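Chain by chain, the residues run as shown.
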Amino acid sequence: MSEITLTVDTPVYIDDGKIRTCVVDTQYSVANGQPGLLLQVTHASPKGVKLKSEKGLNFPNTVLPLSPLTEKDLSDLDFVAIHADIIGYSFVQRSADIESLQQELDKRSQGRLTRPAIVAKIETAIAVSNLPELIIYAAGKQSFGVMIARGDLAVEIGYQRLTEIQEEILWLCEAAHVPVIWATQVLESLVKDGTPSRGEMTDAAMAERAECVMLNKGAFIAEAIAILDDVLTRMEAHQLKKTPQLRALHSW
C-alpha cells in the first residue's frame, strides 16, 4: 500500500465531518513508540462528539495514492464478474482506476461477451476534476453511469459548494448521455422517522433530473418509496433532465 504524506495544517475529517481536525505535528510518537500524527480538533458539536470505532476518514485537498480496489474487492470480483449486471465503484479518482477494474473483470470473464456496467461514485474533489476523462475512458468501452455520492462529496469539497458541483455533474453527464444516480440522505427523515422535512421534499423533487434516486434503509422505507414516486411523477411534466418543460399550470 502506498504511503499517504500529510503536512502540518492538512485537514482531516472524521465521521462524515462531525469531527474536523487539522494536523499540528507529523512526528508525534504514540504510547507504544510508533510514529503517528497529532491532530487538533477544529470543529465538533458544542455538546461534544464521541469518537466511535469504524468511522470514516476524509482528507480534503489531499490526493490519496490508493487503489479503489481492495483485496476483498478482488476476491468478490470472482463472483461479480460472471454474475452481476452492474458494479458500483467507490472512490474512483483517475482513468487508471477504471482501467484497473476493467482489467480485473477481463481476467475473470470466463467467456462473457460484455463487461458488467460500471457506476462510478463521484465523492472526491479529484474525481470531480477528472470526471470528463473518466466518462471518455469508460463510456466508450462499456455501459457506464455516475453516482453523485453527496455524503462524502460534501465533506470533501465543502457543503457550500455541493449544490454547484451537483449541478455541473448533471450538466456534464447529460451532455455525454451518461445516466446519473442521485444519492445520499434523500428523504432521510421520512425513511427513518416517518415524517419528511420541507427541505427534503424540495430535494426529492429536484432529484427528478437524474435517472435514478437512491434511498437509504429505514423503518418507513415503503412509505418513502410511495411518496417519492408521487413526487417524481408530478415533477416529470415540469422538468426533463436539466431543461424546464414550461408545462401549463393546472393548480388554478
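For the structure itself, consult the block above.
The structure contained in this document is the topic of the report that follows.

## As for the packing of helix α1 (residues 71–83) against helix α2 (residues 95–107)
Closest axis-to-axis distance for the α1/α2 pair is 9 Å, and the angle between their directions is 60°. Taken together, the axes of α1 and α2 are oblique relative to one another. Considering only the axes of α1 and α2, their crossing is right-handed. Every residue of α2 that contacts α1 at Leu74, Leu77 and Ala81 is listed here: Leu101, Glu104 and Leu105. Each residue belonging to the contact of α1 with α2 can be placed in one class, and the counts come to 5 nonpolar, no polar and 1 charged.

## Regarding the sheet that holds strand β1 (residues 11–14)
Sheet architecture is open: 4 strands sit in the order β3-β2-β1-β4, paired in antiparallel fashion. Either end of the sheet is taken by a strand with one partner, and the two such strands are β3 (35–43) and β4 (57–58). Strand direction decides the pairing type here: strand β2 (residues 19–29) and β3, joined by 7 bridges, are antiparallel. Bridge pairing in β3 places aspartate 25 opposite leucine 38.

## Digging into the nonpolar core
In summary, soluble globular proteins display a tendency toward joint burial of nonpolar side chains. Leu101, Ile122, Phe144, Val146 and Ile169 are the most contacted members of the largest nonpolar core, which totals 42 residues. Among the elements that make up this core, the one with the highest residue count is helix α6 (residues 159–175) (5 residues). Residue contacts for phenylalanine 144: discarding those within four places in its chain leaves Ile98, Ile118, Ala120, Leu134, Ile135, Ala138, Ala139, Val178 and Pro179.

## Notes on the environment of threonine 10
With respect to the helices, strands and loops of the structure, threonine 10 is situated in the segment before β1. Along the backbone, threonine 10 and threonine 21 are 11 residues apart, and their C-alpha atoms lie at a distance of 8.5 Å. Discounting chain neighbours no more than four positions away, the residues touching threonine 10 are Thr21, Cys22, Val23 and Thr62.

## Points about the pattern of salt bridges
Under the counting rule described, the total for this entry stands at 14 salt bridges. Aspartate 15 is the partner of lysine 18 in a salt bridge, and the nearest nitrogen-oxygen pair spans 3.9 Å. Residue class for lysine 18 comes out partly exposed when judged on its relative accessible area of 44%. The shortest N-O distance in the salt bridge between aspartate 203 and arginine 150 comes to 2.8 Å.

The rules behind each value
- Residue positions are given per chain, counted from 1 along the sequence in the order it is written.
- Only residues with pLDDT of 70 or above have their local features reported here, since the model is predicted, and side-chain atom pairs are shown and tallied only from 80 upward, although totals for entire chains, interfaces and linings are computed over all residues.
- Computation of side-chain values covers all heavy atoms of the structure but excludes hydrogens and water.
- Axis definition: a line fitted to C-alpha atoms, over the contacting stretch in the case of helices. Angles run 0 to 180 degrees between N-to-C directions.
- Working definition: helices are DSSP H or I runs of at least four residues, strands are E runs of at least two. Numbering for both runs from the N terminus.
- Any angle that is under 35 degrees is reported as roughly parallel, and any over 145 degrees as roughly antiparallel; angles of 65 to 115 degrees are reported as roughly perpendicular and all others as oblique.
- A crossing counts as left-handed when the near helix is turned anticlockwise from the far one by less than a right angle, and as right-handed when that turn is clockwise.
- Residue contacts are counted whenever heavy atoms from the two residues lie within 4.5 Å of one another.
- Residues are sorted three ways: Asp, Glu, Lys and Arg are charged, Ala, Val, Leu, Ile, Met, Phe, Trp, Tyr, Cys and Pro are nonpolar, and all the rest, Gly among them, are polar.
- Two strands pair if DSSP finds at least two bridges between them.
- Buried Ala, Val, Leu, Ile, Met, Phe, Trp, Tyr and Cys residues that are joined via side-chain atoms within 4.5 Å together make up what is termed a nonpolar core.
- In this scheme, a residue with accessible area under 20% of its type's maximum is buried, one over 50% is exposed, and one in between is partly exposed, where area comes from a 1.4 Å probe on protein chains only.
- By convention in these notes, a salt bridge is any Lys or Arg side-chain nitrogen within 4 Å of a carboxyl oxygen on Asp or Glu.

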